[in-house]
Amino acid sequence: MPSYAHAGDAGADLYAAEDVELKPGERAVVGTGVAIALPDGYAAFVHPRSGLAAKHGVTLVNAPGTVDAGYRGEIKVTLINTDAKEPFRLRRGDRVAQLVVQRVERAAFYEVERLPGSVRGANGFGSTGR
Ligand SMILES: O=c1ccn([C@H]2C[C@H](O)[C@@H](COP(=O)(O)OP(=O)(O)OP(=O)(O)O)O2)c(=O)[nH]1
């Protein structure tokens, strides 16, 4: 079951349900053994763990993964070992990712001729701070 390691943590730990070995550059879909039923208006987001990323170069391909309120299947994580040299071995029961539950809006999209103005306008992709 997901659990919060410390009071105040945003993410509840998810644990690997199986042993996996990832060679350098390899990825794998790993089960967590967990299925949940979120209320409508909520979603859960599967985030990487910074410790795995910093120590081993292991992260999630699709960070953050989105768990929809209607999803009843097993939550899985798509791991990738970005380390160029070291394989990474994961054991059943190891903490592998963290689940952040959030309220989400469902936006209604409308087509318009022109968008309202803003300070940023169309600038992005590193346009500030030069
Ligand atoms: O890291 C993840 C991401 C998703 N899921 C599950 C829950 C989610 O509700 C479902 C579908 O995810 P998503 O919508 O991202 O997948 P898709 O590639 O768009 O496929 P689909 O057509 O099934 O929506 O897969 C996971 O278990 N782990």
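Bear in mind that the values here come from a model prediction, so they are computed numbers and not experimental data.

With that settled, the discussion passes to the overall build of the protein. For the protein, the count of helices and strands is 1 helix and 9 strands. The C-alpha atoms of the protein give 18 Å as radius of gyration, which overshoots the globular expectation for 130 residues (14 Å, by more than 25%). When its C-alpha atoms are laid out on the principal axes, the protein stretches across 55 × 40 × 30 Å. Look at the contacts in the protein between residues 6 or more apart in sequence, and 68% of them connect residues 24 or more apart. As displayed, the protein offers around 9,300 Å² of accessible surface, 50% of which is attributable to carbon and sulfur atoms. Charge separation in the protein, taken as the distance between the mean sites of 16 positive and 15 negative side-chain charges, equals 3 Å.

Before going further, it helps to examine the site of the ligand. The environment of the ligand is made up of N62, G65, T66, V67, D68, Y71, E74, I75 and K76. Between an oxygen atom of the ligand and a side-chain N or O atom of N62, the distance comes to 3.3 Å. One of the side-chain nitrogen or oxygen atoms of D68 is found 2.6 Å away from an oxygen atom of the ligand. Coverage of the ligand by the protein amounts to 48% of the 570 Å² it exposes when considered alone. Among the elements that take part in the shell around the ligand, strand β6 (residues 65-67) stands out by supplying 3 residues, more than any other. When its residues are assigned to classes, the shell around the ligand shows 3 nonpolar, 3 polar and 3 charged.

Before going further, it helps to spend a moment on a nonpolar patch on the surface. On the surface, a cluster of nonpolar side chains totalling about 410 Å² of accessible area is made up of Y110, V112 and L115. Along the chain, V112 falls in the segment after β9 (95-103).

The next point concerns the sheet that holds strand β1 (residues 12-15). Spatial ordering of the open sheet is given by β1-β9-β4-β6, a layout of 4 strands whose pairing is antiparallel. The sheet terminates laterally at β1 and β6, the two strands that pair on one side only. Taken pair by pair, the neighbouring strands of this sheet meet at an average axis angle of 35 degrees, ignoring direction. Pairing between β1 and β9: 4 bridges, direction antiparallel. Within the sheet, the bridge partner assigned to Y15 lies in β9 and is R95.

Conventions we followed
Residues numbered from 1 in each chain as written. Predicted model: local features only at pLDDT ≥ 70, side-chain atom pairs only at ≥ 80, totals over all residues. Heavy atoms only, no water. Helix = DSSP H or I, 4+ residues; strand = E, 2+ residues; numbered from the N terminus. Rg over C-alpha atoms; globule rule 2.2 N^0.38 Å. Contact = heavy atoms within 4.5 Å. Areas by Shrake-Rupley, 256 points an atom, 1.4 Å probe, with all protein chains shown as cover. Lys, Arg positive; Asp, Glu negative; His and termini not counted. Charge placed at Lys NZ, Arg CZ, Asp CG, Glu CD. Near = heavy atom within 4 Å. Polar contact = N/O pair within 3.5 Å; in protein donor to acceptor, adjacent residues only side chain to side chain. Nonpolar A, V, L, I, M, F, W, Y, C, P; charged D, E, K, R; others polar. Patch = residues over 30% accessible without salt bridge, like charges linked within 9 Å, V, L, I, M, F, W, Y side chains within 5 Å. Salt bridge = Lys/Arg side-chain N within 4 Å of Asp/Glu carboxyl O. Pairing = 2+ DSSP bridges. Axes fitted to C-alpha atoms, helices over the stretch in contact; angles between N-to-C directions.

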